[in-house]
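Reading the structure
What follows is the residue order along each chain.
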Amino acid sequence: MTREPLRPVLYDDARDVVRVLDQKRLPVDEVWLELSTAEQVAAAIKDLTVRGAPAIGVAAAYGIAVEARRGADVARLRAAAELLVHARPTAVNLAWAVRRMGRRIGLGAEVILAEAHAIRDEDEAACRRIGALGAPLIPPRAHVLTHCNAGALATAGYGTALGVVRAAVEAGNPISVFADETRPFLQGARLTAWELHRDGIPVTILTDGMAGWLMQRGEIACVVVGADRIAANGDVANKIGTYALAVLARHHHLPFYVAAPWSTVDLGTPAGDAIPIEERGTEEVVTLAGQRIAPVGVPARYPAFDVTPAALVSAIITERGVLRAPYDASLRTLAAE
Ligand SMILES: CSC[C@H]1O[C@H](OP(=O)(O)O)[C@H](O)[C@@H]1O
């Protein structure tokens, strides 16, 4: 059963607030927060209240629009843009959205809000197109492995990797999903499982590290993940753990697909080694639901993303088309269109 489409970032025109579904609270509580300043939106991006490359771009766009609608002058709007663009470093969608909004600063609140709405609407349309182009790649009755959450919760709606899943199901392919829990924020166990279960799509949670064994047993047909930044050579930054899945998929001769809107492609970054990788506080690693799980005094690491070399990517599914290697050429060709 498919319910009301899930859209995690909305704008209330009547009350001039940005409404975000608090993804720290899912799946236990569905809590909507109302944000009225750029500072509040930046904080919500930083603490993963709203997360996912396209979703944080949409949130930042509305963070500038809400300031404009509440009377901010050009100086304040530029300060808001500067604050928001630095909220997280890896997902290029954030900088892309803020840069696009920056070109509207000075043109009036209605023009600015209309641009934010356009960014939101275009992203959901891109996700639906990605789904339509990606669905035919999924084998009949496949068990699809995904990592983190590249679903409606990570976008304006419908999702990228989960958009491919949704479109395959809508096309009548009775697939099911294995969702890596994706420590430490548990985007898979908490968010992907919640949104697919909500849509009646079969989903099974795996702990991180199980996928290799299931691949070895022939229980996984393909991998479909999202992306936070795709470099000009096709290298892909995505949630930490993605690279390991790409290596395993290659070892087991399984397709490894990346689904992302064109706003995630960054032709200004030549290769993956130039993508800034966010290092988050290690409190998230040594605690689980607020409970300490590691000895005090033992250090931890938390790079929030890794980079999968283009050579391990079977195809990049965008709304402009399905790209194949060599990606430097295929990305350049689509950019020129
Ligand atoms: C559709 S992009 C989703 C992308 O963003 C996630 O990171 P985070 O949850 O930290 O924002 C992850 O890398 C997903 O693939």
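Residues numbered from 1 in each chain as written. Predicted model: local features only at pLDDT ≥ 70, side-chain atom pairs only at ≥ 80, totals over all residues. Heavy atoms only, no water.

As recorded in an unreviewed UniProt entry, the protein goes by Methylthioribose-1-phosphate isomerase and comes from Anaeromyxobacter oryzae. Recorded under Function (unreviewed entry), the UniProt text for the protein is reproduced unchanged: "Catalyzes the interconversion of methylthioribose-1-phosphate (MTR-1-P) into methylthioribulose-1-phosphate (MTRu-1-P)." The Catalytic activity (unreviewed entry) comment attached to the protein in UniProt states, word for word, "5-(methylsulfanyl)-alpha-D-ribose 1-phosphate = 5-(methylsulfanyl)-D-ribulose 1-phosphate". (UniProt positions renumbered as here; feature names shortened; annotations may be inferred.)

All told, the structure shown has zero disulfides when counted by the stated rule. Cys148 forms no disulfide, and the closest cysteine sulfur to it belongs to Cys127, at a distance of 14 Å. This cysteine, Cys222, is not joined by any disulfide, and Cys148 carries the nearest cysteine sulfur, 18 Å off. (Disulfide = S-S within 2.5 Å.)

For the rest of this paragraph, the subject is unusual backbone geometry. Cis geometry is found at the peptide bond from Arg183 to Pro184, where omega equals 0°. A cis amide bond links Ala325 to the next residue, Pro326, at an omega of -5°. Position of Pro326 among the secondary structure elements: in the loop between strand 16 (321-323) and helix 11 (327-336). A positive phi angle is found at Leu48, which is not glycine, with a value near 65°. Residue placement: Leu48 occurs in the loop between helix 1 (38-46) and helix 2 (53-69). (Helix = DSSP H or I, 4+ residues; strand = E, 2+ residues; numbered from the N terminus.)

Turning our attention to the packing of aromatic side chains. Within this structure, the stated rule accounts for one aromatic pair. For the cation-ring pair, Arg190 lies above Phe185, with the distance from its terminal atom to the ring centre recorded as 4.4 Å. Here the basic side chain of Lys239 rests over the ring of Phe305, its NZ or CZ set 4.0 Å away from the ring centre. (Phe/Tyr/Trp six-rings, centres within 6.5 Å; stacked < 30°, edge-to-face > 60°. Lys NZ or Arg CZ within 6 Å of the ring centre and 35° of its normal.)

The subject of this paragraph is the site of the ligand. Neighbouring residues of the ligand: 18 residues in total, closest Gly52, Arg88, Asp228, Asn238 and Lys239. In this structure, Arg88 approaches the ligand through a side-chain N or O atom, which is 2.8 Å from an oxygen atom. One nitrogen or oxygen atom from the side chain of Asn238 is found 2.5 Å from an oxygen atom belonging to the ligand. Summarising the interface, the protein chains cover 99% of the accessible area of the ligand, which totals 410 Å² for the free molecule. Looking at the shell around the ligand, the elements that each hand over two or more residues are helix 2 and strand 9 (236-239). The residue makeup of the shell around the ligand, split by class, is seven nonpolar, seven polar and four charged. (Near = heavy atom within 4 Å. Polar contact = N/O pair within 3.5 Å; in protein donor to acceptor, adjacent residues only side chain to side chain. Areas by Shrake-Rupley, 256 points an atom, 1.4 Å probe, with all protein chains shown as cover. Nonpolar A, V, L, I, M, F, W, Y, C, P; charged D, E, K, R; others polar.)

Turning next to helix 7 (residues 187-198). When the terminal C-alpha atoms of helix 7 are compared, their 15 Å separation across twelve residues agrees well with the 16 Å that a helix rising 1.5 Å per residue should span. The element helix 7 is extensively covered by neighbouring structure, given that ten of its twelve residues are classed as buried. All buried positions along helix 7 are accounted for by Gln187, Gly188, Arg190, Leu191, Thr192, Ala193, Trp194, Glu195, Leu196 and Arg198. At its buried positions, helix 7 is contacted by strand 2 (17-21), strand 4 (143-146), helix 6 (161-170), strand 5 (176-180), strand 6 (203-206) and strand 9. At the C-terminal side of helix 7, Gly200 shows a positive phi close to 75°. (Expected span 1.5 Å × (residues − 1). Buried < 20%, exposed > 50% of the residue type's maximum accessible area, 1.4 Å probe, protein only. Contact = heavy atoms within 4.5 Å.)

When helix 4 (residues 92-102) is considered as a whole, its buried residues turn out to be Val92, Asn93, Leu94, Ala97, Val98, Arg100 and Met101. Contacts made by the buried residues of helix 4 are with helix 1, helix 2, helix 3 (74-85), helix 5 (109-134), strand 8 (229-231) and strand 11 (265-266).

Strand pairing in a sheet is mediated by backbone hydrogen bonds. Such pairs are either parallel or antiparallel. Spatially, four strands are ordered 11-8-9-14 in an open sheet, and the strand pairing comes out mixed. The outermost strands of the open sheet, each flanked by one partner alone, are strand 11 and strand 14 (305-308). Inspection of the sheet shows strand 8 paired to strand 9 by two bridges, in the antiparallel sense. Among the inter-strand pairings, Ile230 is bridged to a residue of strand 9, identified as Val236. (Pairing = 2+ DSSP bridges.)

On the basis of which strands lie adjacent, the open sheet formed by three strands has the order 1-2-3 and antiparallel pairing. Each of the sheet's edge strands pairs with one partner strand only, and the pair in question is strand 1 (9-12) and strand 3 (32-35). Between one strand and the next, the sheet's axes are offset by a mean angle of 25°, whatever the strand orientation. Here four bridges tie strand 1 to strand 2, and the two strands are oriented antiparallel to one another. Pairing of Val9 across the sheet is with Val20, part of strand 2. (Axes fitted to C-alpha atoms, helices over the stretch in contact; angles between N-to-C directions.)

The biggest cluster of nonpolar side chains holds 40 residues, and the ones touching the most others in it are Val9, Val18, Ile45, Tyr62, Ile64 and Leu84. Counting only elements with at least two residues in this core, the list comes to strand 1, strand 2, helix 1, helix 2, helix 3, helix 4 and helix 5. A total of twelve residues in this core trace back to one element, the largest contributor, which is helix 2. Counting 29 residues, the second largest nonpolar core, distinct from the first, contains Ile220, Val225, Leu254 and Tyr327. (Core = buried A, V, L, I, M, F, W, Y, C linked by side-chain atoms within 4.5 Å.)

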